[in-house]
Amino acid sequence: MGPAFLLNENSSLRIVKSKISSVKSEINQFKKALSIAQDKTLDLKQKMINFLSKEEIKIYDAHVEILKDPELEGKTIDFIKSNSCNADYAVHEVTAEYTEILNEIGDPYISARADDIVMLSRMLILILQKKVENKINLNTPSIIVADSITTNQLSSIDTNLVLGIITSHGGPTDHVAILSKALGIPSLVGLAKSISKIKAGSLLIIDCAKAQLILNPSLFYIKKYDLLMLKEKHESSIQLKKSQNNVTTKSGTSIEINANIGSLNDAKKAKSFGADGIGLFRTELCFLDSEKFPDENMHYSIYESILKEFPKVKHTIRLLDFGSDKPLSYLNNIKEENPALGSRALRLGFKHYDNLLKPQIRALLRLSNLFNIHILCPMIASEEDWIQIKETIILEFNQLNNEGVRIDYLPRIGIMVEIPNVAFRPEFYIKNADFFSFGTNDLAQFLMAADRTNESVSNYLSQSKESILILIKNFTELAHKEGKEVGVCGELASDDKCLSYFLDININSLSMPPSLIPKIKNEIRNTI
Ligand code: PEP
Ligand code: MG
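Since the model is a prediction, treat every value here as computed from it, not as a measurement.

Undergrad: Could you give an account of the overall build of the protein, with specific residues and numbers?
TA: Along its length, the protein carries 19 helices and 15 strands. Relative to the compact-globule value of 24 Å for 528 residues, the protein shows a C-alpha radius of gyration of 26 Å, a close match. Its C-alpha atoms give the protein principal-axis dimensions of roughly 75 × 65 × 40 Å. Every one of the 528 residues in the protein was classed for burial, and the buried ones make up 46%. Intrachain contacts of the protein at a sequence separation of at least 6 include 67% that bridge at least 24 residues. About 26,400 Å² of surface is accessible on the protein, with carbon and sulfur atoms providing 52% of the total.

Undergrad: Give me the lowdown on empty space enclosed by the protein, citing residues and values where you can.
TA: Counted by the stated rule, this structure contains 3 cavities of 30 Å³ or more. The space that makes up the largest cavity amounts to roughly 150 Å³. Around the largest cavity sit 22 residues that line it, and Asp321, Arg344, Asn441, Asp442 and Arg452 are the ones nearest its centre. Elements with a minimum of two residues in the lining of the largest cavity: strand E9 (278-282) and helix H16 (440-448). With 4 residues, H16 is the single largest residue contributor to the lining of the largest cavity. Residues of the lining of the largest cavity, tallied by class, amount to 4 nonpolar, 7 polar and 11 charged. Of the pockets and cavities examined, the second largest cavity occupies roughly 40 Å³. In this structure, the second largest cavity is lined by Leu320, Phe322, Ala345, Leu348, Gly349, Leu356 and Leu357. Element by element, the count of residues in the lining of the second largest cavity is highest for helix H11 (residues 345-351), at 3 residues. Partitioned by chemical class, the residues of the lining of the second largest cavity number 6 nonpolar, 1 polar and no charged.

Undergrad: How would you explain unusual backbone geometry if you had to name every residue and give the values?
TA: With glycine set apart, most residues show a phi of negative sign, and most peptide bonds adopt trans. In this model, Asn216 sits at a positive phi of 45°, which is unusual for a non-glycine residue. Counting through the fold element by element, Asn216 comes out in the loop between strand E6 (212-215) and helix H8 (219-242).

Undergrad: Quick one: what's the story with helix H3 (residues 70-83), residue by residue and with numbers?
TA: For H3, which comprises 14 residues, the first-to-last C-alpha distance of 20 Å matches the rise-based estimate of 20 Å (1.5 Å per residue) to within 8%. Here H3 has its buried residues at Leu72, Thr76, Ile77 and Ile80. With its buried residues spanning 125° around the axis, H3 presents them on a single face. Facing away from the buried side of H3 by over 90 degrees, the exposed positions are Pro70 and Ser82. Once H3 finishes, Ser84 follows within two positions and takes phi at roughly 45°, a positive value.

Undergrad: Any chance you could break down the packing of aromatic side chains for me, citing the residues and the numbers?
TA: Taken as a whole and judged by the stated rule, the model has 9 aromatic pairs. With 5.9 Å between their ring centres and 10° between their planes, Phe350 and Tyr353 make a pair best called stacked. For Phe350, a relative accessible area of 21% puts it in the partly exposed group. Ring centres of Phe438 and Phe475 lie 5.3 Å apart, and the angle between their planes is 85°; this geometry places the pair in the edge-to-face category. In this pair, Phe438 is assigned in strand E13 (residues 435-438) and Phe475 in helix H17 (residues 465-481), connecting sequence segments 37 residues apart. Its relative accessible area of 0% is what places Phe438 among the buried residues. The class of Phe475 is buried, set by a relative accessible area of 0%. The rings of Phe281, Phe287 and Tyr303 are connected pair by pair, giving a single aromatic cluster. Directly above the aromatic system of Tyr300 lies the positively charged group of Arg366, at a separation of 4.3 Å from the ring centroid.

Undergrad: Any details on the coordination of the magnesium ion (ligand 2)? Residues and values, ideally.
TA: Only Glu418 (OE) and Asp442 (OD) from the protein coordinate the magnesium ion (ligand 2), and they sit 2.0 to 2.2 Å from it. Here the residue Glu418 occupies a position in the loop between strand E12 (412-417) and helix H14 (420-424), and Asp442 occupies one in helix H16, the gap between them amounting to 24 residues. Here Glu418 matches Asp442 in class, with each residue buried.

Undergrad: Describe the site of ligand 1, and please don't skip the residues or the numbers.
TA: Of all residues adjacent to ligand 1, which total 13 residues, the nearest are Arg282, Arg318, Gly439, Asn441 and Arg452. A distance of 3.0 Å separates an oxygen atom of ligand 1 from a polar atom in the backbone of Thr440. Out of a free accessible area of 280 Å², ligand 1 has 99% covered by protein chains. In this structure, ligand 1 is accommodated by the largest cavity. Those elements giving two or more residues to the shell around ligand 1 turn out to be E9 and H16. Counting residues per element, the shell around ligand 1 draws most heavily on H16, which supplies 3 residues. Class assignment for the residues of the shell around ligand 1 results in 3 nonpolar, 4 polar and 6 charged.

Undergrad: Describe the nonpolar core, listing the residues and the values that go with them.
TA: Judged by nonpolar contacts, the single largest core of 79 residues is most densely connected at Leu319, Ile389 and Leu510. The residues contacting Leu510, other than those within four sequence positions of it, are Ile255, Glu256, Ile257, Asn258, Val488, Ala493, Leu499 and Phe502. Counting residues in each nonpolar core, the second largest holds 21 residues, with Leu138, Ala146, Leu154 and Ile185 among its members.

Undergrad: Describe the packing of helix H12 (residues 357-367) against helix H13 (residues 383-402), naming the residues involved and giving the relevant values.
TA: One can describe the packing of H12 onto H13 by two numbers: an axis separation of 10 Å at closest approach and a directional angle of 60°. Regarding the angle of H12 to H13, the classification is oblique. Remark: the crossing between H12 and H13 carries right-handed chirality. Two secondary-structure elements touch here, H12 through Leu357, Lys358, Ile361, Arg362, Leu365 and Arg366 and H13 through Ile389, Thr392, Ile393, Glu396, Phe397, Gln399 and Leu400. For the contact of H12 with H13, the residue count by class is 7 nonpolar, 2 polar and 4 charged.

Each value, and the rule that gives it
- Residues numbered from 1 in each chain as written.
- Chains lettered and ligands numbered in written order.
- Predicted model: local features only at pLDDT ≥ 70, side-chain atom pairs only at ≥ 80, totals over all residues.
- Heavy atoms only, no water.
- Helix = DSSP H or I, 4+ residues; strand = E, 2+ residues; numbered from the N terminus.
- Rg over C-alpha atoms; globule rule 2.2 N^0.38 Å.
- Buried < 20%, exposed > 50% of the residue type's maximum accessible area, 1.4 Å probe, protein only.
- Contact = heavy atoms within 4.5 Å.
- Areas by Shrake-Rupley, 256 points an atom, 1.4 Å probe, with all protein chains shown as cover.
- 1 Å grid on protein atoms, 1.4 Å probe; cavity = no way out; pocket = protein on both sides within 12 Å on 5 of 7 lines; lining within 4 Å.
- Points joined across faces, edges and corners; volume = space filled by probe spheres on them.
- Nonpolar A, V, L, I, M, F, W, Y, C, P; charged D, E, K, R; others polar.
- Expected span 1.5 Å × (residues − 1).
- Arc of directions from axis to C-beta.
- Phe/Tyr/Trp six-rings, centres within 6.5 Å; stacked < 30°, edge-to-face > 60°.
- Lys NZ or Arg CZ within 6 Å of the ring centre and 35° of its normal.
- Donors = N, O, S within 2.8 Å, 3.2 Å for Na, K, Ca; no water.
- Near = heavy atom within 4 Å.
- Polar contact = N/O pair within 3.5 Å; in protein donor to acceptor, adjacent residues only side chain to side chain.
- Sits in = over half its atoms within 2 Å of the grid points.
- Core = buried A, V, L, I, M, F, W, Y, C linked by side-chain atoms within 4.5 Å.
- Axes fitted to C-alpha atoms, helices over the stretch in contact; angles between N-to-C directions.
- Parallel < 35°, antiparallel > 145°, perpendicular 65-115°, else oblique.
- Left-handed = near helix turned anticlockwise from the far one by under 90°.

Here it is as structure tokens:
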């Protein structure tokens with residue numbers, strides 16, 4: 001609830017075709033603008049990195065990809081050459097052609113990508129014309145009302161002053177919707193003409209649960225929503241306080257609620273949101289930006305600094321899962337048709353053993369003297385995979401002890417159950433591994449033959465839920481007979497519709513993004 005701040009239409013750009021003295025200098029300026037735009041986008045990414053998940057932050061990578069697109073660059077340069085014209089005009093014409101084609105497809109997802117191109121085109125033109133974008137200068141907490149707002153504008157405002165956002169354009173899959181959700185800003189998008197009635201400073205209430213906008217609410221509504229907001233605030237602060245304790249259902253079933261982390265900031269959040277431990281440390285996320293293979297000491301010092309933030313708990317650390325959607329820039333990967341089914345995770349780790357797996361395993365073994373480390377092995381597909389990684393870890397353990405680096409105990413070594421072959425025939429793995437964690441994200445994509453990074457087939461993934469729950473149940477029953485623990489660390493772990501099922505089958509742990517922990521713990525506490 002708050003006053004409306006009307007975002008003026010972004011000032012329209014003046015783009016005229018003019019004769020130029022040197023084609024070469026125009027092309028150079030265009031190339032320079034491309035590189036400035038890339039730097040600006042990476043700066044925005046850096047600014048937002050602590051607020052967004054690894055999926056959400058990819059918005060900025062996608063923008064950089066567009067700016068680096070050789071076709072876009074080539075076409076613009078050709079346009080400048082063949083028309084002997086100014087670069088800003090060429091950018092405008094070439095990008096307009098692109099967006100027209102994308103918009104003609106009539107798919108809301110693709111139209112949202114066309115909006116990205118419009119925004120980047122505007123950014124390039126402003127750089128070439130040496131102008132700056134209208135900034136949103138809020139000085140009191142307000143609800144922003146706009147026809148549309150760009151992700152760049154949203155990334156550069158003081159989000160503490162934004163109570164909400166409403167737009168006439170856009171849809172729930174566009175990047176502004178994704179970003180505002182990640183930032184915790186309530187937003188209603190695609191309201192079309194209804195926003196034209198809103199005057200600057202008018203009081204607004206946006207109720208996202210009901211997808212409702214209340215303009216100039218009566219005293220009745222103001223009081224009603226004041227109370228609702230107070231109640232929600234109160235409830236979440238109680239949930240947060242209670243979250244610091246272990247949780248059981250009313251009838252006494254206990255379950256560990258752990259955090260998925262990938263950075264120091266995540267570890268801090270895990271502690272403050274009341275995680276019982278770290279259920280999945282995606283180690284590769286620490287090195288996505290490095291320019292060379294991390295060596296043993298680099299692995300050691302990064303993990304040590306992160307684990308120290310949240311020291312006295314169980315740390316389940318996953319071996320590097322590079323490849324597929326997390327490529328290594330400095331590895332000249334052979335391009336694969338289906339990278340999610342190709343050389344990733346341990347497959348890649350063994351191909352570059354001395355540079356990838358070995359230093360990591362040695363660092364983790366050394367750290368196991370200081371922390372309660374459990375090693376989790378991703379993408380185990382076969383008995384051979386398991387035997388190979390287990391023997392390798394034991395070999396490095398013996399090697400370190402032979403070198404005089406005493407490692408007291410071999411840490412527990414577990415399997416990430418994310419490939420159907422393991423989930424369907426679990427007996428061997430249950431006998432031989434120490435613990436299990438279901439990676440439901442990959443398991444869903446492999447069960448449904450639907451690439452998890454491809455928006456156009458994403459509707460298939462949620463339809464795997466029933467099959468996955470059955471697999472988890474069967475696996476858990478067998479594992480419990482052998483006294484082994486089973487957890488879930490994919491997205492399904494925080495799906496509240498699955499919670500009572502997980503409690504019924506006595507799953508041992510659920511691991512999820514830290515901010516979801518207080519709510520899930522609260523639901524468990526209220527379950528019979
Ligand atoms: C999974 O596959 O479910 C998982 C938790 O790992 P990631 O999302 O990192 O592949
Ligand atoms: Mg996975």
